[in-house]
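Structure at a glance
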Amino acid sequence: MSIDILKTLGDGRRYMKTWPMVRQLGLYFPEYRVVRATQLAILVMPVLAIFASVSQLYLHGWAFLPQALTIALFFISLPIQGLLWLGWRARHPLPLSLFDWSNQLSAKLSAMGIHCHTLGAKACYLDMAFILKIAFERLDASYWEEL
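Everything quoted here is computed from the prediction, not taken from an experiment.

About the criteria used
Residues numbered from 1 in each chain as written. Predicted model: local features only at pLDDT ≥ 70, side-chain atom pairs only at ≥ 80, totals over all residues. Heavy atoms only, no water. Helix = DSSP H or I, 4+ residues; strand = E, 2+ residues; numbered from the N terminus. Buried < 20%, exposed > 50% of the residue type's maximum accessible area, 1.4 Å probe, protein only. Phe/Tyr/Trp six-rings, centres within 6.5 Å; stacked < 30°, edge-to-face > 60°. Lys NZ or Arg CZ within 6 Å of the ring centre and 35° of its normal. Axes fitted to C-alpha atoms, helices over the stretch in contact; angles between N-to-C directions. Parallel < 35°, antiparallel > 145°, perpendicular 65-115°, else oblique. Nonpolar A, V, L, I, M, F, W, Y, C, P; charged D, E, K, R; others polar.

**Some remarks on the environment of Phe130**
Within the element layout of this structure, Phe130 appears in helix α5 (residues 125-138). For Phe130, a relative accessible area of 32% puts it in the partly exposed group. C-alpha of Phe130 to C-alpha of Cys116: the two residues are 14 residues apart in sequence and 8.9 Å apart in space.

**A few points about the packing of aromatic side chains**
Per the stated rule, a full pass over the model turns up three aromatic pairs. For the pair Trp19 and Phe29, a centre-to-centre distance of 5.3 Å together with 80 degrees between the ring planes defines the contact as edge-to-face. With a gap of 10 residues between them, Trp19 in the loop between α1 (2-18) and α2 (31-60) and Phe29 in the loop between α1 and α2 connect regions that are remote in the sequence. Note on accessibility: Trp19 and Phe29 belong to one class, buried. Here a set of aromatic residues connected by ring pairs shows up, and it is made of Tyr15, Trp19 and Phe29. For Arg89, the ring lying beneath its charged end belongs to Tyr125, and the centroid distance is 4.1 Å.

**Quick word on the packing of α2 against helix α3 (residues 65-90)**
Across the interface, α2 lies against α3 with an axial gap of 8 Å and an inter-helix angle of 170 degrees. Considering their axes alone, α2 and α3 lie roughly antiparallel with respect to each other. In terms of residue class, the contact of α2 with α3 is built from 20 nonpolar, four polar and two charged.

Spelled out as structure tokens, the structure:
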């Protein structure tokens, strides 16, 4: 079980780095908000965990060590929860509507001479993220205004 959790965390980190951080996608997918929140949590939550646990110990003494550790673990678990959700989502199969849309986008990229693979039968959100990343890097803004 711990190997699955570590694999899911790794998938979440890979998905977070792959997902194109474009505000337009935030209207259609929750990934934009989750990635932004997880990136912020990775930076801020360890500092808040230390501050909250030290302040508990300072105000109430060493008798509150279990509560201080619990608060610290809570703050540290928040970015881990974001990575777990992203890892789960990365391996989640695509619905048919997104599958068709991603294949159309892949075909458009291939027609323009950009190397892009088409999605297979077991396509997941991570595969779509790779195609979206290539598309946002290579296609001009007029294509995305049509959406």
